[in-house]
Amino acid sequence: MTTDEVVVLRETLTAHRAMLEGALHGNDRLDIDRAFAAHAGLARILAHWDEYTARQQRAVVETVHYVVMSDDDQHDLTAADGFADDLARVRALQESLGYA
């Protein structure tokens, strides 16, 4: 993967965050704290993109895609703890990369 691809991942997360902020206005039960914690963890990971192996980069991409997909194991926008699974994935990724 190239450095351009990390830019796309960052833009994907920015768009997702904007969508969440919009959804928050209509859903006060949105699990926004965990969502933002997942985003913060991914931002820290993406800051070191060039240090990862191709396999590690694929794991980062997969985790970003999981986090931005609302209809995953726990629906992010309807479940009161919808981002618990997303944050758990980010933390597992951090651990596998040596950040935890």
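Values in this document were obtained by computation on a predicted structure and should not be read as measured data.

Quick notes on the rules
- Residues numbered from 1 in each chain as written.
- Predicted model: local features only at pLDDT ≥ 70, side-chain atom pairs only at ≥ 80, totals over all residues.
- Heavy atoms only, no water.
- Axes fitted to C-alpha atoms, helices over the stretch in contact; angles between N-to-C directions.
- Helix = DSSP H or I, 4+ residues; strand = E, 2+ residues; numbered from the N terminus.
- Parallel < 35°, antiparallel > 145°, perpendicular 65-115°, else oblique.
- Left-handed = near helix turned anticlockwise from the far one by under 90°.
- Contact = heavy atoms within 4.5 Å.
- Nonpolar A, V, L, I, M, F, W, Y, C, P; charged D, E, K, R; others polar.

A. Representation of the packing of helix 2 (residues 32-46) against helix 4 (residues 84-96) in the model. The geometry of helix 2 relative to helix 4 is characterised by a closest axis approach of 8 Å and an angle of 25° between their N-to-C directions. Put simply, helix 2 runs roughly parallel to helix 4. Relative to helix 4, the crossing made by helix 2 is left-handed. Of helix 4, the residues touching helix 2 (which contributes Arg 34, Ala 37, Ala 38, Gly 41, Leu 42, Arg 44 and Ile 45) are Ala 84, Leu 87, Val 90, Leu 93 and Gln 94. Partitioned by chemical class, the residues of the contact of helix 2 with helix 4 number 8 nonpolar, 2 polar and 2 charged.

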